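Letter by letter, the chains look like this.
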Protein chains: 2
Amino acid sequence: MDERELIRRIGGIIGPEHVADDCAVLRQGDHLLVVSTDMLHEKTDFPAGMTDRQAGWMAAAVTLSDIAAMGAKPVALLLAAGLDRAERLEEIIRGADECCRRSGAALVGGDVDAHEELTLVSTGIGTARPSDCVRRSGADPGDLVCITGTPGRAQAGLLGYALHRKALFEPQPMVREGQLLALAGATSMMDVSDGIALSLFDMLGVNDCGFAVESNKIPLPEEVEAGTALECALYGGGDFGLLFTIPPERYPVSGVACTAIGIVVSEHSVLLDGSEMERRGYQHRWE
Amino acid sequence: MDERELIRRIGGIIGPEHVADDCAVLRQGDHLLVVSTDMLHEKTDFPAGMTDRQAGWMAAAVTLSDIAAMGAKPVALLLAAGLDRAERLEEIIRGADECCRRSGAALVGGDVDAHEELTLVSTGIGTARPSDCVRRSGADPGDLVCITGTPGRAQAGLLGYALHRKALFEPQPMVREGQLLALAGATSMMDVSDGIALSLFDMLGVNDCGFAVESNKIPLPEEVEAGTALECALYGGGDFGLLFTIPPERYPVSGVACTAIGIVVSEHSVLLDGSEMERRGYQHRWE
């Protein structure tokens, strides 16, 4: 069973609306709260050579990225740490705290636990006005399909390309960009942490329309052979770019480095250069 | 190093005010949000014989109990699950969902991850009016020291007393009681998940006054030998009762089953029958 099948089953219990977006959305007075939680652990999520400070940074970044993908403003983060050695915690907290401050959020609490394998779970809370909250659903045929930054850099870093090591070890949540895109009128949005392909299929699952992407429009990691670079961008994990749709008349968006890589189509499928895109990318699996 | 020393060090980085209470407190318009996260894992937190549904229930209960201890109303819960076997998740989610509904909260999302050891992290969000939010600090000399329910039952269950097995396996967060106590004017409060003793020392750390408890006033688990029962109540883990202080003229509190077990004193120490109480109880430790 893979992660997405499992999440679909959970939706059957707690309601499919609760598994449709990067964050859960709660109404609180005239604002929305968006909340998200992410579990990372050493063996599968922290690449060899990563410092504890970078692990803390990354734990905060994955969650802040989910908040960014809703167009929301991050407010606070909690960090639960399962520690094999207690002395690791201080650097982990410093890294998480640094990432929060950089995003305008505060690290306000957490929990500690003794664990055989380092396990970090961050939970973030953000706020948005109802009119500024962007979901994975909402794409309209004719909208452009766009991506911020250069996808695939984290995966290239994982493959050993030293130039992209920093993208892997210190991913930047697109917090400012997410809010600017929401204000600019993005119609749907999510972060691409499991690759462009899986993200497009996630968006396909909650939209009636489809997405047609052209490979030659995708900006690719520098100094990586073209085939490998495209593979990293489409099917690699670890990126924190934002994938979004926006009406053409609202593109480009001032202050956001992004590229139009395709178009929203009425046909309910994900196309790459006119053919069905492969549905693969990073997923946790159980045998 | 033990858990509390570690938490003290974290306070040095993120600010001591962020480690002082059961929940972090955030101002949101004219209300407060209270948020808390708790990590549980199979080897140390789920007793042998516990079903997956009960593990899910417990993961929700620990966090809802923290929200209850602030006098707040739980609103939403997120559950991150690190799973050794994917098929465990459905029952875990059902248990957590059941506990949330019983407390008036909704299970709104989460994360799944493949993990060698079952690891559950729940994060809860509650709301309170600023006037109704009760902290661990705020106790005044002359206040009564009180506890809800019968402390020590979960520990007695762990020791094998079948009568108390349910208290161990399906702990009830005191959500209604917490809100009633806040409205009734409790001056300080926390939940006693690591035993009465450690909880009193935690409260000592954030109050200028102290606490004098009389052992013969503590209600003890039935059908357990008296010495063992007192040991369970003072130093055992797994209970979800609320420990609170309240001015004598406001006690008892209608609708809350609780017992006055002592008094708040000006002397800054924790006393049991007039002598310094031992500072021990359930704590995660690292060698």
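We now turn to the structure provided with this report. (Residues numbered from 1 in each chain as written. Chains lettered and ligands numbered in written order. Predicted model: local features only at pLDDT ≥ 70, side-chain atom pairs only at ≥ 80, totals over all residues. Heavy atoms only, no water.)

Let's shift gears to the interface of chain B and chain A. Frequently, the measure chosen for interface size is the accessible area removed from exposure when the parts meet. Contact with chain B, which involves 59 residues of that partner, is made by 59 residues of chain A. Buried surface at the junction of chain B and chain A, both sides included, amounts to about 4900 Å², of which 69% is carbon and sulfur. Counting every contact that joins chain B to chain A gives 4 salt bridges. Measuring nitrogen to oxygen at the nearest pair gives 2.6 Å for the salt bridge that ties Lys 43 of chain B to Glu 116 of chain A. Where chain B touches chain A, the interface holds 13 residue pairs in polar contact (both at pLDDT 80 or more). Examining the composition of the side of chain B that touches chain A, we find that 9 residues originate from one element, strand 2 (residues 31-41) of chain B, more than from any other. Its residues assigned to classes, the side of chain B that touches chain A shows 28 nonpolar, 15 polar and 16 charged. (Contact = heavy atoms within 4.5 Å. Buried area = accessible area lost by both parts, 1.4 Å probe. Salt bridge = Lys/Arg side-chain N within 4 Å of Asp/Glu carboxyl O. Polar contact = N/O pair within 3.5 Å; in protein donor to acceptor, adjacent residues only side chain to side chain. Helix = DSSP H or I, 4+ residues; strand = E, 2+ residues; numbered from the N terminus. Nonpolar A, V, L, I, M, F, W, Y, C, P; charged D, E, K, R; others polar.)

Here the focus is the pairing of strand 7 (residues 188-191) of chain A. All names here are of chain A. Of the two faces of strand 7, the one lined by Ser 188 and Met 190 and the one lined by Met 189 and Asp 191 are each fully buried. Of the pairings in the sheet, the one linking strand 7 to strand 9 (residues 242-246) comprises 4 bridges and is antiparallel in character. Along strand 9, the bridge assignment pairs Met 190 with Leu 243. (Buried < 20%, exposed > 50% of the residue type's maximum accessible area, 1.4 Å probe, protein only. Pairing = 2+ DSSP bridges.)

With that out of the way, let us pick up the packing of aromatic side chains. Summed over all chains, the structure comprises 0 aromatic pairs over all chains. The aromatic ring of Tyr 235 of chain A is capped on one face by Arg 280 of chain A, whose charged end is 3.7 Å from the ring centroid. (Phe/Tyr/Trp six-rings, centres within 6.5 Å; stacked < 30°, edge-to-face > 60°. Lys NZ or Arg CZ within 6 Å of the ring centre and 35° of its normal.)

As a further point, take the environment of Arg 165 of chain B. Residue and element names in this part refer to chain B. Relative to the elements of secondary structure, Arg 165 occurs in helix 6 (residues 165-169). Classification of Arg 165 by relative accessible area gives partly exposed; the value is 42%. For Arg 165 and Gly 12, which are 153 residues apart along the polypeptide, the C-alpha to C-alpha distance reads 39 Å. Sequence-distant contacts of Arg 165, defined by excluding residues within four places in its chain, comprise Gly 49 and Gly 157.

Another aspect to go through is the sheet that holds strand 10 (residues 258-265) of chain B. Strand pairing within a sheet occurs via backbone hydrogen bonds; the two strands may be parallel or antiparallel. Residue and element names in this part refer to chain B. Strand order in the open sheet formed by 7 strands is 7-9-6-10-8-11-12, with mixed pairing between adjacent strands. Two strands in the sheet have a free side with no partner beyond their single neighbour: strand 7 (188-191) and strand 12 (275-276). The pairing of strand 8 (residues 210-213) with strand 11 (residues 270-272) spans 3 bridges and is parallel. Residue pairing for strand 11: Val 213 is matched across the bridge by Leu 272. On the sheet, helix 8 (residues 196-205) packs against strand 6 (144-148), strand 7, strand 8, strand 9 (242-246), strand 10, strand 11 and strand 12 and is oriented at approximately 140° with respect to strand 7. (Axes fitted to C-alpha atoms, helices over the stretch in contact; angles between N-to-C directions.)

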